[in-house]
Amino acid sequence: MALEVLQKSVEALLGPQGFELHPFKIGWYNEKVQSIFYLPYHKDTIAFCVLSTPSMYEKAFLPYVRSLTALTSRDPLDDCVAHQYQCLKESLPDYKIETIQDYELHPNRRPKVLVQTVGHVAGAAYYYQRSDMKHDPWGEKKIFGVSIHPKYGGWFAFRGILIFPEVQLPLVQRDPPNVIKTDDALKYLLDQFNDNWKENKYRDCIDVVERYSQEQIEYFMTPPSQRGKLLGFSADETIAESVADRFH
Ligand code: B12
């Protein structure tokens, strides 16, 4: 089967739910990361970077929440994505599909996959790191990198990867669009992401076609312990505090 056919099958299921899919080869990822982050597959193994666009909240998450009788889990949004992945596996029974979600950690707390690097090598969203600066002004300070999507700026989130361990097909690598053109713009972006992320200015570092709805922003800004109430569940059906401050 050609990759286009496989991609269309996956997109037919996840696209209408507000997800975007970008194929990549595991080897492209492994070439970039330190060996402790390697994914243990043949370099030509096909995988997909999955990201949620702003409308995923209304297209997939709210309907998923409405289908629940109680909120018992750590994070219903992660559960919603897991549910989508399960549906995908059931509708493509001829394929072995392994999934890793963005929040998954090894027992030593190392992330199972670095989704920003994935997004970059898959050509989905440029991963801007301090090493992209011609002149680094930060000295000893720790600066986290941020990915920018060409259409949604920072108004999106990575939701993990789908790996097809038995599929090895030709695929040409494409660079992600480099949308931050100057050192000044890059400094502003990284400063906003690191020091001021709650104001969301980093998400608007380019003109975007769509943002999160007010309802979605309110949901993420609400402490996890109160999100259940916001979604219409009673107070004792709340979400654990352990996920406090995750705003994707
Ligand atoms: C741990 C984590 C945190 C930690 C630490 C942050 C960090 N970056 O380390 C904390 C709790 C602070 C955090 C906070 C936030 N986070 Co956070 N976090 C993560 C998480 C789970 C892992 C990141 C990680 O540990 N990286 C490890 C380091 C070593 O990776 P690295 O610096 O990228 O280094 C690699 C690359 O440089 C690569 N590499 C080397 N050379 C080259 C060359 C090229 C060209 C490329 C592409 C790569 C490459 O190799 C290195 C590894 O060997 C990711 C999800 C994930 N699974 O990736 C989300 C993630 C980075 N977080 C995200 C967000 C949105 C946030 C917050 C805004 C909100 C929040 N609360 O969730 C804040 C904002 C940051 C801040 N100002 O504090 C988003 C970022 C989206 C984006 N547009 O980029 C992510 C991707 C989650 C998601 N699902 O989308 N986060």
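Definitions and cut-offs
Once a new chain begins, its residue numbering starts again from 1 and follows that chain's sequence as written. Owing to the predicted nature of the model, reporting of local features is limited to residues with pLDDT of at least 70; listing and counting of side-chain atom pairs is limited to 80 or more, with chain, interface and lining totals taken over all residues. Hydrogens and water molecules were not included; the side-chain quantities draw on all heavy atoms of the structure. UniProt positions are given in the numbering used here, feature names are shortened, and annotations may be inferred rather than shown by experiment. Numbering of helices and strands runs from the N terminus; a helix is a DSSP stretch of H or I covering at least four residues, while a strand is a stretch of E covering at least two. The quantity called the radius of gyration is restricted to C-alpha atoms. Its globule counterpart is 2.2 Å times the number of residues to the power 0.38. Burial classes: relative accessible area under 20% of the type maximum marks a residue as buried, over 50% as exposed, and values in between as partly exposed (1.4 Å probe, protein chains only). Residue exposure ignores everything except the shown protein chains as possible cover, and the areas themselves are Shrake-Rupley values with a 1.4 Å probe. We count Lys and Arg on the positive side and Asp and Glu on the negative side, and we leave His and both chain ends out. The atoms used to mark charge sites are NZ of Lys, CZ of Arg, CG of Asp and CD of Glu. Lines are fitted to the C-alpha atoms to define the axes, a helix being fitted only along its stretch in contact, and any angle between axes, read from their N-to-C directions, falls within 0 to 180 degrees. Orientation is classified from the angle alone, with under 35 degrees giving roughly parallel, over 145 giving roughly antiparallel, 65 to 115 giving roughly perpendicular, and any other angle giving oblique. Crossing handedness: left-handed means the near helix sits turned counterclockwise from the far one by under a right angle, and right-handed means the same turn made clockwise. We call two residues in contact when some of their heavy atoms are within 4.5 Å. When residues are grouped by polarity, Ala, Val, Leu, Ile, Met, Phe, Trp, Tyr, Cys and Pro land in nonpolar, Asp, Glu, Lys and Arg in charged, and all others, Gly among them, in polar. One less than the number of residues in a helix, times 1.5 Å, gives the span that helix is expected to have. Salt bridges, as used here, are contacts in which a Lys or Arg side-chain nitrogen is within 4 Å of a carboxyl oxygen on Asp or Glu. Contacts described as polar in this section are N or O atom pairs within 3.5 Å, which, within protein, must combine one atom able to donate a hydrogen with one able to accept it, while residues neighboring in sequence count only if both atoms come from side chains. The pairing criterion is simple: DSSP has to find at least two bridges between the two strands.

If you look the protein up in an unreviewed UniProt entry, it shows as Cyanocobalamin reductase (cyanide-eliminating) from Patiria miniata. You can read under Sequence similarities (unreviewed entry) in the UniProt record for the protein the words "Belongs to the MMACHC family."

> For this particular structure, what's the right way to read the overall build of the protein?
The secondary structure content of the protein amounts to 8 helices and 6 strands. When its helices and strands are written in sequence order, the protein yields α-β-α-β-α-α-β-α-β-β-β-α-α-α. Rg of the C-alpha trace for the protein: 18 Å, near the compact-globule value of 18 Å for 248 residues, within the 12% margin. Seen along its three principal axes, the alpha-carbon backbone of the protein occupies a region of about 50 × 50 × 40 Å. Here the protein holds 248 residues, and the buried ones make up 48% of them. Carbon and sulfur atoms provide 50% of the accessible area of the protein, an area that totals close to 12600 Å². Each charge class in the protein can be summarised by its mean position, and for the 28 positive and 33 negative side chains these summaries are 3 Å apart.

> Teacher, can you tell me more about the packing of helix 1 (residues 3-14) against helix 4 (residues 76-91) here?
The relative placement of two packed helices comes down to the angle between their axes together with the axis-to-axis distance. Between helix 1 and helix 4, the shortest axis-to-axis distance is 10 Å and the interhelical angle comes to 135°. With respect to each other, helix 1 and helix 4 are oriented oblique. For the pair helix 1 and helix 4, the sense of crossing is right-handed. Contacts from Val10, Leu13 and Leu14 of helix 1 reach helix 4 at Gln84, Tyr85, Leu88 and Ser91. Looking at the contact of helix 1 with helix 4 residue by residue, the classes come out as 5 nonpolar, 2 polar and no charged.

> Quick question: what am I supposed to make of helix 6 (residues 183-195) here?
Between its first and last C-alpha atoms helix 6 spans 18 Å; for 13 residues at 1.5 Å apiece the expected length is 18 Å, and the two agree. Buried within helix 6 we find Asp183, Leu186, Leu189, Leu190, Asp191, Gln192 and Asn194. Packed against the buried residues of helix 6 are strand 4 (126-128) and strand 5 (146-148).

> Mind showing me how you'd approach helix 3 (residues 56-66) here?
Because an α-helix packs 3.6 residues into every turn, residues spaced three or four apart end up facing the same way. Inspection of helix 3 places Met56, Tyr57, Ala60, Phe61, Leu62, Tyr64 and Val65 among the buried residues, and these make up the whole buried set. Elements in contact with the buried residues of helix 3: strand 1 (19-25), strand 2 (45-52), helix 4, strand 6 (157-168) and helix 7 (214-221).

> Explain the pattern of salt bridges to me, please; I cannot follow it from the model alone.
In a structure, side chains of opposite charge can pair up when their charged atoms sit close to one another. For the structure on display, the rule yields 9 salt bridges. A salt bridge links Lys43 to Asp44; the shortest N-O distance between them is 3.7 Å. With its nearest N and O atoms 2.7 Å apart, the salt bridge here joins Asp136 to Arg130. Residue class for Arg130 comes out partly exposed when judged on its relative accessible area of 22%. Several salt bridges converge on common partners, so that one network encompasses Lys25, Lys43 and Asp44.

> Which parts of the structure should I look at to understand the side chain of Thr45?
Take Thr45: it is sitting in strand 2. On the basis of relative accessibility, which here comes to 1%, the residue Thr45 falls in the buried class. Of the polar contacts made by the side chain of Thr45, one reaches the backbone oxygen of His42; its length is 2.7 Å.

> Where do I start with the pairing of strand 6 in this structure?
Within a regular beta strand, the side chains point alternately toward one face of the sheet and then the other, so they alternate between its two faces. In terms of burial, strand 6 is a largely internal element, 10 of the 12 residues being buried. Where strand 2 and strand 6 come together, 8 bridges link them in antiparallel fashion. If you follow Val50 over to strand 6, its bridge partner there is Gly160. Pairing of strand 3 (residues 98-100) with strand 6, which is carried by 3 bridges, proceeds in the antiparallel orientation. Each bridged residue has a counterpart across the sheet, and for Ile100 the counterpart in strand 6 is Ile161.

> Would you explain the pairing of strand 1 in this entry?
Burial of strand 1 is extensive: 7 of the 7 residues sit out of reach of the surface. Residues of strand 1 alternate between two faces, with Phe19, Leu21, Pro23 and Lys25 on one and Glu20, His22 and Phe24 on the opposite face, all of them buried. Across 7 bridges, the pairing between strand 1 and strand 2 is antiparallel. Considered in strand 2, the bridge of Leu21 is made with Val50.

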